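Residue-level listing of the chains:
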Amino acid sequence: MAQQLTIDQINQKANQIRQDIIRMLEAAGSGHSAGPLGLADIFAALYFDIMKIDPKNPEWDERDYFFLSNGHTVPVQYAAMAGAGFFDREELQTLRKFGSRLQGHPERTKLPGLENTSGPLGSGLSQAAGVAYTLQYIDKQPHRFVYAVMGDGELNEGNIWEAAMFAGKYKLGQLITFIDRNNIQIDGNTEDVMPLEDLRGKWESFGWHVQEIDGHNVESVIDAASMSRAISNKPSVIIAHTIPGRGVDFMEYDYRWHGTPPNHEQAKEALTKLRTLNGKIKAGE
């Protein structure tokens, strides 16, 4: 089971996840900064409260499933998994190294606890919907849920909307998804590249239950997931408004950090900002 922690403890986990992300990316010399930092609160809530999982038994047959669709943000998932006890945190420093279990996109067969392999954007929702359909109509296990995370820029992909239609048709009440609504993608702001609004209306028109939350408010994330589990007659999507690069002021809101790792000096500055909450507390406190 996910560890039952207080909100303050989960917030502390999120801060630790962000620090681990910075260290991983610096060591790798490549990778994505903005998205993983922005998702840390959601992943802390998922791995330390929401999901029914057992890090010591990743194949537990009563577990919930998790699918990462925007696979380039996987450093945040690795950091959360290590923090939860799936593997030793020291292994985080092998990110993107040759032969590492921690590849730049999740590779299911490499690391116990990963449910899907993600490379091409847009595939994760279809994978999650397929498992949710199986749980609901074939295995008939209503107590298990399928969670997924998608990026907002990823919604440019047509197969997202094919999966949305499928899930809506079959009323997949065990499917709960998050959209990381950070308003950036690799080429710029989402509304400049390919406008998404009215995003809520789009998903509602496909037959989904929709909530919008502050993706940095852990309590809101947990409450939204709880509400989604109570909706049994349609799939749920939680539009989580986040700040790309959250916690590191020189990265926040800047789409150029989408696919850029910090160098040594930038990593040092970022870690100082995270440890001091951008100067709100003294280092070491």
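Higher on the page you've got the structure.
Owing to the predicted nature of the structure, the values given are computational and were not obtained by experimental measurement. (Residues numbered from 1 in each chain as written. Predicted model: local features only at pLDDT ≥ 70, side-chain atom pairs only at ≥ 80, totals over all residues. Heavy atoms only, no water.)

Draft legend 1. Layout of the packing of aromatic side chains. With the rule as written, the count across this model stands at 14 aromatic pairs. With centroids separated by 6.2 Å and ring planes inclined at 65°, the aromatic side chains of Y47 and F66 adopt a geometry described as edge-to-face. Remark: F66 occurs in strand β1 (residues 65-68) and Y47 occurs in helix α2 (residues 34-50); sequence separation between them is 19 residues. Cluster of aromatic residues (ring-pair linked, three or more members): F43, Y47, F66 and F86. (Phe/Tyr/Trp six-rings, centres within 6.5 Å; stacked < 30°, edge-to-face > 60°. Helix = DSSP H or I, 4+ residues; strand = E, 2+ residues; numbered from the N terminus.)

Draft legend 2. The arrangement of the side chain of D41 in detail. Inspection of the secondary structure assignment puts D41 in helix α2. Taking the relative accessible area as the measure of exposure, D41 reaches 5% and is therefore buried. Side-chain polar atoms of D41 contact the side chain of R18, separated by 2.6 Å. Those residues in contact with D41, other than ones at most four positions away along the chain, are N11, A14, R18, G215, H216 and V218. (Buried < 20%, exposed > 50% of the residue type's maximum accessible area, 1.4 Å probe, protein only. Polar contact = N/O pair within 3.5 Å; in protein donor to acceptor, adjacent residues only side chain to side chain. Contact = heavy atoms within 4.5 Å.)

Draft legend 3. Representation of the nonpolar core. Of all hydrophobic cores here, the largest spans 59 residues; its most connected members are I17, F43, L46, Y47, F66, Y78 and F87. It is α2 that contributes the most residues to this core, twelve residues altogether. Non-local contacts of Y78, meaning those with residues more than four positions away in its chain, are made with M24, F87, L92, L95, R101, L102, Q103, H105, P106, L111 and L114. Core analysis: the second largest hydrophobic core is formed by 26 residues, A148, A167, I179 and V237 among them. (Core = buried A, V, L, I, M, F, W, Y, C linked by side-chain atoms within 4.5 Å.)

Draft legend 4. Quick peek at the environment of K13. Following the sequence through the fold, K13 ends up in helix α1 (residues 7-28). Residue K13 is classed as partly exposed on the basis of its relative accessible area, which comes to 28%. When the C-alpha atoms of K13 and A80 are compared, they prove to be 8.2 Å apart, with 67 residues separating the residues in sequence. The contacts of K13, once residues within four sequence positions are left out, are L5, A44, F48 and G83.

Draft legend 5. Just unusual backbone geometry, in detail. Backbone torsion omega between E197 and D198 reads 5°, so that peptide bond is classified as cis. You can see D198 is positioned in the loop between α6 (190-193) and α7 (199-205). With a phi close to 50°, K140 is a non-glycine residue in the positive phi region. Since its relative accessible area comes to 58%, K140 is described here as exposed. Of note, the phi angle at N183 is positive, near 70°, even though the residue is not glycine. Inspection of the secondary structure puts N183 in the loop between β3 (175-181) and β4 (184-185).

Keep in mind these values describe shape, not function.
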